[in-house]
Amino acid sequence: MALSNEWEYMHLTPSGLVQGSMKLDFQSAQDIAVPEDAVLTAYRKVYVGAMGAKPEVTEETTNLSKDSDFIKKLLLKYGKPQFGV
């Protein structure tokens, strides 16, 4: 059993960053649908196996649109996803 195993999704849309599904320690998972206008999804997982163990952090992004220039413009406008805020 892990000491901590949290994960979270954020979605970039034309109107900004939107909270996605997440599972935080000591809470039930929250399943939030991906917005229809999402152009990018970011994922972050933090796993700590035991007391004193170094956290394993995984971060990934997935483009949901083929328009990479549009995604870049939105990232400049809204910034990179901030997890755990």
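Residues numbered from 1 in each chain as written. Predicted model: local features only at pLDDT ≥ 70, side-chain atom pairs only at ≥ 80, totals over all residues. Heavy atoms only, no water.

Trainee: Quick one: what's the story with the sheet that holds strand 1 (residues 4-13), residue by residue and with numbers?
Mentor: Taken in spatial order, the four strands make up an open sheet running 2-1-3-4, and their pairing is antiparallel. Whereas interior strands pair on both sides, the edge strands pair on one side only; in this sheet they are strand 2 (16-23) and strand 4 (56-63). Strand-to-strand twist of the sheet, defined as the mean angle between neighbouring strand axes without regard to direction, takes the value 15°. Sheet analysis places strand 1 next to strand 3 (residues 40-48), joined by nine bridges and oriented antiparallel. Looking across to strand 3, one finds that Met10 is bridged to Ala42. (Pairing = 2+ DSSP bridges. Helix = DSSP H or I, 4+ residues; strand = E, 2+ residues; numbered from the N terminus. Axes fitted to C-alpha atoms, helices over the stretch in contact; angles between N-to-C directions.)

Trainee: How would you summarise the nonpolar core if you had to cite specific residues and measurements?
Mentor: Residues Met10, Leu12, Val39, Leu40, Ala42, Ile71, Leu74 and Phe83 constitute the largest nonpolar core, which totals eight residues. Secondary-structure elements contributing two or more residues to this core are strand 1, strand 3 and helix 1 (68-78). (Core = buried A, V, L, I, M, F, W, Y, C linked by side-chain atoms within 4.5 Å. Buried < 20%, exposed > 50% of the residue type's maximum accessible area, 1.4 Å probe, protein only.)

Geometric descriptors of this kind do not, in isolation, establish any biological role.
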